[in-house]
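# Structural features, examined
Residues per chain, in single letters:
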Amino acid sequence: MNDQAKNLRQMLNKVSDTNKNAKVIAVVSGKGGVGKSNFSLNFAIDLNKSGKKVILFDLDIGMANVDILMGISAKFTVLDMIEKELSIWDIIEEGPEQLSFIAGGTSFSSIFQLNPRKLSRFLQQLEMISTSFDYIIFDMGAGVSKDSLHFILSANEVIVVTTPEPTSVTDAYAMVKYLQLKDQDIMIKILVNRADSLTEGQKTFENLKLVTSQFLQKEISLLGIIPNDQVVLKAVKAQKPFVLYAPTSKPSQAIKGIVNSLNGVIENEATISPSSDFFKKIKKYFSEK
């Protein structure tokens with residue numbers, strides 16, 4: 001085991017609570033290019049900075065790029081854990097602000113062709129970290145496949161990222177519709193990215209909310225609105241998360257607002273949906289394959 005993984009495990013074991021399970025959040029989008037991975041990363045960093053223990057898991061099949069957005073060359077990916085039978089602690093990397101993350105690798109899609117033994121081990125390894133973190137955030141790929149659907153439907157909460165562009169909103173609606181058909185009780189929140197104004201962002205959400213309520217009888221909620229700002233592109237080019245590159249910028253403040261709101265909701269909740277529910281669901285889905 002590498003020293004970083006050993007130190008990380010020792011540190012988290014000291015603060016792990018066997019009576020607590022992480023909340024699992026899946027971040028998805030109906031189409032690519034809406035800033036989903038960038039949101040996932042900056043959201044995870046700010047949530048981690050707020051005092052929550054967060055691990056970001058890159059599940060963007062074939063297009064994994066969270067490590068690139070951080071300017072980090074990951075030593076290991078989830079494929080190494082599977083093919084080399086490493087512990088999950090061996091492949092956890094440390095990003096900015098001590099954010100824990102797991103790189104997906106460009107050939108991550110092969111995880112869905114695992115034989116039963118390897119798949120079982122993968123899920124067992126994933127389950128091992130559930131008591132050491134408050135949040136497990138899955139950065140999913142754009143769209144949805146039969147197998148990635150298992151992860152999305154098993155999550156405690158799904159965040160759908162869209163932009164105000166009509167095609168993006170249409171694809172976001174298609175995503176909500178598809179998930180609703182698979183699970184009527186799934187909790188879905190909308191993140192409107194690259195809005196030219198708060199009014200535009202709010203209108204985008206209200207339009208999406210109207211059609212989902214009218215045609216799907218599904219209630220969705222607004223997670224937040226991130227304004228369109230050139231600082232985000234500059235941060236991407238610099239390979240630095242924008243909440244660190246420009247902490248006082250409007251996009252960074254929008255992320256902070258989302259995190260503060262989320263923490264406020266959690267503090268007022270009696271319990272958090274446990275990740276144990278996630279593992280029960282996903283094991284069931286894969287056993288039915």
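The structure presented is a predicted model; accordingly, all values stated were derived computationally and were not measured.

Conventions adopted
Residues numbered from 1 in each chain as written. Predicted model: local features only at pLDDT ≥ 70, side-chain atom pairs only at ≥ 80, totals over all residues. Heavy atoms only, no water. Helix = DSSP H or I, 4+ residues; strand = E, 2+ residues; numbered from the N terminus. Buried < 20%, exposed > 50% of the residue type's maximum accessible area, 1.4 Å probe, protein only. Contact = heavy atoms within 4.5 Å. Areas by Shrake-Rupley, 256 points an atom, 1.4 Å probe, with all protein chains shown as cover. Axes fitted to C-alpha atoms, helices over the stretch in contact; angles between N-to-C directions. Left-handed = near helix turned anticlockwise from the far one by under 90°. Nonpolar A, V, L, I, M, F, W, Y, C, P; charged D, E, K, R; others polar. Expected span 1.5 Å × (residues − 1). Arc of directions from axis to C-beta. Phe/Tyr/Trp six-rings, centres within 6.5 Å; stacked < 30°, edge-to-face > 60°. Pairing = 2+ DSSP bridges.

In terms of regular secondary structure, the protein chain is built from 13 helices and 8 strands. Residues counted as buried form 54% of the 289 residues belonging to the protein chain. Of the contacts formed within the protein chain by residues at least 6 apart in sequence, a portion of 80% connects residues at least 24 apart. Total accessible area computed for the protein chain in this model is approximately 13000 Å², and 49% of it derives from carbon and sulfur atoms.

Where helix 8 (residues 166-182) meets helix 9 (residues 198-216), the axes come as close as 11 Å, and the angle between the chain directions of the two elements is 35°. When you trace helix 8 past helix 9, the crossing you get is right-handed. Seen from helix 8, the contacting residues are Val169, Ala172, Tyr173, Val176, Lys177 and Gln180; seen from helix 9, they are Thr204, Leu208, Val211, Thr212, Phe215 and Leu216. Residue composition of the contact of helix 8 with helix 9, by class: 8 nonpolar, 3 polar and 1 charged.

End to end, helix 2 (residues 36-49) covers 20 Å across 14 residues, agreeing with the expected 20 Å (1.5 Å per residue, within 8%). Counted residue by residue, helix 2 has 13 buried out of 14 residues, so it is predominantly covered. Gly51 sits one or two positions beyond helix 2 and adopts a positive phi of about 110°.

What follows deals with the environment of Lys36. Position of Lys36 relative to the elements: it lies in helix 2. Sequence-wise, Lys36 and Val161 are 125 residues apart; in three dimensions their C-alpha atoms are separated by 6.0 Å. Leave out the neighbours within four places in its chain, and Lys36 touches Val27, Val28, Ser29, Asp60, Asp139, Met140, Gly141, Ala142 and Val161.

With that out of the way, let us pick up unusual backbone geometry. For residues that are not glycine, phi is negative in most cases, and the peptide bond is trans in most cases. Phi at Glu85 takes a positive value of approximately 55°, unusual for a residue other than glycine. Note that Glu85 resides in the loop between helix 4 (78-83) and helix 5 (88-91). The phi dihedral of Gln98 is positive, around 60°, even though this residue is not glycine.

Glancing now at helix 9. At 3.6 residues per turn, the α-helix brings residues three or four places apart onto the same side. When the terminal C-alpha atoms of helix 9 are compared, their 26 Å separation across 19 residues agrees well with the 27 Å that a helix rising 1.5 Å per residue should span. Inspection of helix 9 places Gly201, Thr204, Phe205, Leu208, Thr212 and Leu216 among the buried residues, and these make up the whole buried set. Along the axis of helix 9, the buried residues cluster in a sector spanning 90°; they form a single face. Of the residues in helix 9, the exposed ones pointing more than 90 degrees away from the buried face are Thr199, Lys203 and Leu210.

The next thing to look at is the packing of aromatic side chains. The final tally for this structure, using the stated rule, is 7 aromatic pairs. Geometrically, the ring pair formed by Phe57 and Phe122 is edge-to-face, given 6.4 Å between the ring centres and 75° between the ring planes. Taken together, the positions of Phe57 in strand 2 (residues 54-59) and Phe122 in helix 6 (residues 116-128) put the pair 65 residues apart, joining distant regions of the chain. In this pair, the class of Phe57 matches that of Phe122, namely buried. For the ring pair Phe138 and Phe151, a centre distance of 5.7 Å and an interplane angle of 80° mean the geometry is edge-to-face.

In terms of burial, strand 2 is a largely internal element, 6 of the 6 residues being buried. Side chains Val54, Leu56 and Asp58 of strand 2 all project onto a buried face; the interleaved residues Ile55, Phe57 and Leu59 project onto the opposite face, where all are buried too. Pairing of strand 2 with strand 4 (residues 100-102), which is carried by 3 bridges, proceeds in the parallel orientation. Note on strand 4: the bridge partner recorded for Ile55 is Ser100.

Strand order in the open sheet made by the 8 strands is 3-4-2-5-1-6-7-8, with mixed pairing throughout. At either margin of the open sheet sits one strand with a lone partner, and together these are strand 3 (93-94) and strand 8 (221-227). Sheet strands touched by helix 8: strand 1 (23-29), strand 6 (157-162) and strand 7 (188-195). Its angle to strand 6, the strand with the most contacts, is close to 160°. The sheet strands contacting helix 9 are strand 7 and strand 8, and the helix crosses strand 7 at an angle near 145°.

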